[in-house]
Structure formats: structure tokens, C-alpha cells
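Residue-level structure breakdown
Listed here are the chains, written in short residue letters.
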Amino acid sequence: MLTKGFTKLEVLITVLVFAFLLGCTVPRVMHLVHKAKEGSTKHRLVKMRSAIAAYYGEHQGTYPTDDLSCLVPKYIEGIPMVTIPGFRPSHHVSTGSYEQAFTNQGGWAYVNDPTDPRYGDVFVNTNKEDSYGTAWNLH
């Protein structure tokens with residue numbers, strides 16, 4: 001008399017094969033998700049810099065002196081989200097001189113002090129490295 005169905009050994013082998021395949025693919029997928037988030041943040045940084053450049057062009061060579069809220073909605077739809085590992089996603093913009101704006105707490109940093117040599121510069125507010133080994137605040 002034959003029974004229909006799988007033996008325990010067949011089920012065990014199938015589960016082990018699936019576990020092996022899953023163990024091989026999940027880290028690669030997670031790495032791709034991480035890279036996609038990095039790319040998105042870098043693209044948003046380019047959008048922020050473009051909006052600041054447009055403002056600069058229309059205001060006789062002066063940069064915004066606020067927290068970049070003056071860019072919304074004329075130059076950019078809204079302050080974009082920064083999504084980097086180790087920090088909560090944030091729209092926050094730290095401002096002041098470079099030393100004041102760079103708090104290393106995530107979000108954006110914008111140098112709005114006209115006496116600072118980096119006046120008008122916006123960057124990601126952390127010195128943690130991206131997946132290529134470059135500090136975020138150096139992009």
C-alpha cells in the first residue's frame with residue numbers, strides 16, 4: 001500500500017534548500033536596498049543645491065539666510081527627506097556657520113552665515129561614510 005504525499009526526509013531536504021537559497025539572496029537584496037537609499041539621498045542633495053543656485057541667480061548673488069524654507073514652493077516642492085543608515089529619516093535643516101550647522105546628527109546642514117567661507121553650502125549632516133567610503137558631509 002502506497003501513501004500519497006512527501007516523506008519527512010523529502011520535506012526536510014526541501015526546507016534546507018529553500019533556507020540555503022534564502023540565506024544567499026537576502027544579504028544581496030538588503031545591500032541593494034541600502035544602495036538605493038544612498039542614491040536617493042544623493043539625488044535629493046543635488047535637488048537642494050539646484051534650488052539654492054536658482055535662488056542665488058534670482059536674488060542678485062545672495063544665498064538664502066534662513067533654514068531654506070524660503071525655497072518652498074517656488075524653487076523646490078518641499079525640503080526633501082534625508083535617509084541614511086544610523087539616523088531617522090529627517091527634513092530638518094541645521095543652520096549657521098559651518099561649525100554651527102554641522103552637528104553630526106543627521107538631516108541637512110546649511111551654511112547661512114554670509115561671513116563664513118562656505119556660505120550657501122548644503123550637505124548631509126553627518127561625517128559617517130557612505131558605501132563607497134566617502135563621508136556624507138563631503139558630497
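Since this is a predicted model, take the numbers as computed values, not measurements.

1. What about the sheet that holds strand β1 (residues 93-96)?
Read across the sheet, 3 strands follow the order β1-β2-β3 without closing on themselves; strand pairing throughout is mixed. Pairing within the sheet leaves two strands with one partner each, and these edge strands are β1 and β3 (122-124). Ignoring which end each strand starts from, the neighbouring axes of this sheet average 25 degrees apart. Strand direction decides the pairing type here: β1 and strand β2 (residues 108-111), joined by 4 bridges, are parallel. Bridging from a neighbouring strand, G96 pairs with V111 of β2. Docked against the sheet, helix α1 (residues 8-58) engages β2 and β3, running at close to 165 degrees with respect to β3.

2. Quick word on the side chain of S90
Relative to the helices and strands, S90 resides in the loop between α1 and β1. A polar contact is formed between the side chain of S90 and the backbone nitrogen of H92, at a distance of 2.9 Å. Beyond its immediate sequence surroundings of up to four residues, S90 is in contact with P80, M81, V82, G107 and W108.

3. Re the pattern of salt bridges
Think of it this way: side chains of opposite charge can pair up when their charged atoms draw near. Summed over all chains, the structure comprises 5 salt bridges. Its salt-bridge partner being R49, residue D121 comes within 3.9 Å of it at the nearest N-O pair. Here D121, found in the loop between β2 and β3, pairs with R49, found in helix α1; they are 72 residues apart in sequence, far enough to count as distant. Under the relative-accessibility criterion, R49 is labelled partly exposed at 32%. Through salt bridges with shared partners, a single ionic network connects R49, R118 and D121.

4. Some thoughts on the pairing of β2
Residues W108 and Y110 point to one face of β2 and A109 and V111 to the other, with burial holding for every one of them. The pairing of β2 with β3 spans 3 bridges and is antiparallel. Bridge pairing in β3 places A109 opposite F123.

5. Notes on the environment of T62
Examined against the element boundaries, T62 turns out to sit in the loop between α1 and β1. Measuring from C-alpha to C-alpha, the distance between T62 and Y119 comes to 9.5 Å, with 57 residues separating the pair along the chain. Non-local contacts of T62, meaning those with residues more than four positions away in its chain, are made with Y55, Y56 and Y119. Within the local environment of T62, its side chain forms a polar contact with the backbone oxygen of H59, the two atoms lying 2.9 Å apart.

6. Quick word on unusual backbone geometry
Going from V72 to P73, the amide bond is cis rather than trans, its omega being -5 degrees. For P73, the location among the structural elements is in the loop between α1 and β1. Of note in the backbone geometry, Q60 takes a positive phi value of approximately 50 degrees without being a glycine. By the secondary structure assignment, Q60 is in the loop between α1 and β1.

7. Here's the deal with α1
In a regular helix each residue adds 1.5 Å, so 51 residues correspond to 75 Å; α1 covers 74 Å between its end C-alpha atoms and thus fits that length. Within α1 the residues assigned to the buried category are E38, T41, L45, M48, A51, I52 and Y55. Buried-residue contacts for α1 involve β2 and β3. Backbone geometry just after α1 places Q60 at a positive phi near 50 degrees.

Calculation criteria
Along each chain, the written sequence defines residue order, and numbers are assigned to residues from 1. Owing to the predicted nature of the model, reporting of local features is limited to residues with pLDDT of at least 70; listing and counting of side-chain atom pairs is limited to 80 or more, with chain, interface and lining totals taken over all residues. Side-chain measures here rest on the full set of heavy atoms in the structure, leaving out hydrogens and waters. Should DSSP find at least two bridges between two strands, the strands are taken to pair. Helix and strand assignments come from DSSP, with helices taken as H or I runs of at least 4 residues and strands as E runs of at least 2, each series counted from the N terminus. Only the contacting stretch of a helix is used when fitting its axis, a line to C-alpha atoms as for every element, and angles between N-to-C directions run 0 to 180 degrees. Note on contacts: a residue pair is in contact if any heavy atoms of the two residues lie within 4.5 Å. Think of a polar contact as two N or O atoms within 3.5 Å of one another; within protein, one of them needs to be a possible hydrogen donor and the other a possible acceptor, and neighboring residues in sequence only count if both atoms come from side chains. Whenever a carboxyl oxygen of Asp or Glu lies within 4 Å of a side-chain nitrogen of Lys or Arg, that contact is scored as a salt bridge. Burial classes: relative accessible area under 20% of the type maximum marks a residue as buried, over 50% as exposed, and values in between as partly exposed (1.4 Å probe, protein chains only). Here a helix's expected span is defined as the number of its residues, less one, multiplied by 1.5 Å.

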